[in-house]
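So the chains spell out like this:
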Amino acid sequence: MIVLKTSRELAVMREAGRISQKALRLAGEAVEPGVSTWEIDKLVRQYIEKAGATPSFLNYGGFPASACISVNDVVIHGIPSKSILLKKGDIVGIDVGACYKGYHGDNAWTFPCGEVSEAAQALLDATEKALFLGIEQARPGNRLGDVGHAIQAYVEARSYSVVREFIGHGVGANLHEDPSVPNYGTPGRGVRLQPGMVIAIEPMVNQRGPKVHVLEDGWTVKTRDGGLSAHFEHTVAITPDGPAILTRLD
Ligand code: MG
């Protein structure tokens, strides 16, 4: 069931989104060679709690941290660890959610650690662009297939691939709610978008093949072929005027 949000709920979700975005930016600023992903997670948790919110991911389904930090061939759900030290040239996906007054914000960005290869930077640029092409389609009257198609077409035209097993989702009083938001699709198909819907659009783009596998820790998702993967996400409200990104600072 898709829950439409009232304008009062959207106002609270904007604040949850603002806190989520600020936490993500702080995490990104901490990305540098020699820093552990555990240290970055600690910064995220401290900021979210200081802002009067709670980290959405902490203990969600048993996840042991406040941020998912996914390096290089890790697609999503990387578990922060004192033993994972960032190196120059890594790409570092950080996914952060905050729950404020009962409503969640959810966003992700993949940051370069120092100077990265041209190929890695191209993957980051393409995935970021794909996210915004998807967001552009998130308007009343369009369907989720329009969002997914915009992402898929852009990504595949560059010989990258879109992960199928993990997708975006509705956001609200629950971190994950209906509808499912695939990063692939057929124009004009799928759920029709209407004002009051809030969705997390989150392309996960692999440098080579789309296949992924989950490690024995039950969380860490890696590319099957060892290629790099990038992940960018915003929480977006469908409004009569078009898409409104809730995970932003202003
Ligand atoms: Mg999400």
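Residues numbered from 1 in each chain as written. Predicted model: local features only at pLDDT ≥ 70, side-chain atom pairs only at ≥ 80, totals over all residues. Heavy atoms only, no water.

**A few points about the overall build of the protein chain**
Step number 1: For the protein chain, the count of helices and strands is 4 helices and 15 strands.
Step number 2: Since a compact globule built from 250 residues should have a radius of gyration of about 18 Å, the 17 Å found for the protein chain is in line with a globular shape.
Step number 3: Principal axes of the C-alpha set define a box for the protein chain whose edges measure 45 × 45 × 35 Å.
Step number 4: Taking all 250 residues of the protein chain together, 54% fall into the buried category.
Step number 5: Put simply, 71% of the contacts in the protein chain that link residues at least 6 apart link residues at least 24 apart.
Step number 6: Counting every atom, the protein chain has about 10,700 Å² of accessible surface; 50% of that belongs to carbon and sulfur.
Step number 7: Between the mean site of the 25 positive side-chain charges and the mean site of the 28 negative ones, the protein chain shows a separation of 3 Å. (Helix = DSSP H or I, 4+ residues; strand = E, 2+ residues; numbered from the N terminus. Rg over C-alpha atoms; globule rule 2.2 N^0.38 Å. Buried < 20%, exposed > 50% of the residue type's maximum accessible area, 1.4 Å probe, protein only. Contact = heavy atoms within 4.5 Å. Areas by Shrake-Rupley, 256 points an atom, 1.4 Å probe, with all protein chains shown as cover. Lys, Arg positive; Asp, Glu negative; His and termini not counted. Charge placed at Lys NZ, Arg CZ, Asp CG, Glu CD.)

**Topic: the coordination of the magnesium ion**
Metal coordination angles have textbook ideals: 109.5 degrees for a tetrahedral set of four donors and 90 or 180 degrees for an octahedral set of six.
Step number 1: Donor atoms from the polypeptide that bind the magnesium ion are Asp106 (OD), His169 (NE2), Glu202 (OE) and Glu233 (OE), placed at 2.1 to 2.4 Å.
Step number 2: Counting along the primary sequence, the residues that act as donors to the magnesium ion give the motif D-x62-H-x32-E-x30-E. On the criterion of sequence distance, the pair formed by Asp106 in strand E5 (residues 103–112) and His169 in strand E7 (residues 168–170) is long-range, its members being 63 residues apart.
Step number 3: Using a relative accessible area of 2% as the deciding quantity, one classes Asp106 as buried.
Step number 4: Judged by relative accessible area, which is 6%, His169 ranks as buried. (Donors = N, O, S within 2.8 Å, 3.2 Å for Na, K, Ca; no water.)

**Focus: the sheet that holds E7**
Strand pairing in a sheet takes place through backbone hydrogen bonds and is either antiparallel or parallel in direction.
Step number 1: Spatial ordering of the open sheet is given by E8-E7-E9-E14-E15, a layout of 5 strands whose pairing is antiparallel. Every interior strand has two partners, whereas the edge strands, strand E8 (177–181) and strand E15 (242–245), have only one. On average, each strand axis in the sheet is tilted by 30 degrees relative to the strand beside it, whichever way the strands run.
Step number 2: Where strand E9 (residues 198–201) and strand E14 (residues 234–239) come together, 4 bridges link them in antiparallel fashion. Bridging from a neighbouring strand, Ile199 pairs with Val236 of E14. (Pairing = 2+ DSSP bridges. Axes fitted to C-alpha atoms, helices over the stretch in contact; angles between N-to-C directions.)

**Looking at the sheet that holds strand E11 (residues 212–214)**
Step number 1: Read from one edge to the other, the open sheet built from 3 strands follows the order E3-E12-E11, with strand pairing classed as antiparallel. The strands lining the two open edges of the sheet, one partner per strand, are strand E3 (74–76) and E11. For this sheet, the mean inter-axis angle between neighbouring strands, taken without regard to orientation, is 40 degrees.
Step number 2: Sheet topology note: the E11/strand E12 (residues 221–223) ladder contains 3 bridges and is antiparallel. Within E12, the residue paired with Val214 across the bridge is Val221.

**Brief notes about the layout of surface pockets**
Summary: where empty space remains is shown by rolling a probe the size of a single water molecule over the atoms.
Step number 1: Volume-wise, the largest pocket comes out at about 320 Å³.
Step number 2: The wall of the largest pocket is formed by 20 residues, among which His77, Asp95, His169, His176 and Glu202 lie closest to the centre.
Step number 3: When its residues are assigned to classes, the lining of the largest pocket shows 10 nonpolar, 5 polar and 5 charged.
Step number 4: Estimates place the volume of the second largest pocket at around 160 Å³.
Step number 5: Lining of the second largest pocket is provided by Ile69, Ser70, Val71, Asn72, Asp73, Val74, Gly78, Ile79, Ile84, Thr220 and Lys222.
Step number 6: Considering every element that reaches the lining of the second largest pocket, the biggest residue donor is strand E2 (residues 67–71), with 3 residues.
Step number 7: Its residues placed into classes, the lining of the second largest pocket shows 5 nonpolar, 4 polar and 2 charged. (1 Å grid on protein atoms, 1.4 Å probe; cavity = no way out; pocket = protein on both sides within 12 Å on 5 of 7 lines; lining within 4 Å. Points joined across faces, edges and corners; volume = space filled by probe spheres on them. Nonpolar A, V, L, I, M, F, W, Y, C, P; charged D, E, K, R; others polar.)

**Quick word on the environment of Gly52**
Step number 1: For Gly52, the position within the fold is in the loop between helix H2 (37–50) and strand E1 (54–55).
Step number 2: The class for Gly52 is exposed, based on a relative accessible area of 54%.
Step number 3: Here the alpha-carbon distance between Gly52 and Gly78, two residues 26 residues apart in the chain, equals 25 Å.

**Regarding empty space enclosed by the protein**
Step number 1: A complete count under the given rule lists 1 cavity of 30 Å³ or more for this structure.
Step number 2: Along its surface, the largest cavity is lined by Cys68, Ser70, Val75, Ile76, His77, Gly93, Ile94, Asp95 and His231.
Step number 3: At the level of elements, E2, E3 and strand E4 (91–100) are the ones that each hand at least two residues to the lining of the largest cavity.
Step number 4: Considering only residue class, the lining of the largest cavity consists of 4 nonpolar, 4 polar and 1 charged.

**Remarks on the pattern of salt bridges**
Step number 1: All chains considered together, the criterion is met by 8 salt bridges.
Step number 2: Here Arg164 and Glu156 are joined by a salt bridge, their closest N and O atoms 3.7 Å apart.
Step number 3: In this structure Arg164 comes out as partly exposed when scored by relative accessible area, which is 34%. (Salt bridge = Lys/Arg side-chain N within 4 Å of Asp/Glu carboxyl O.)

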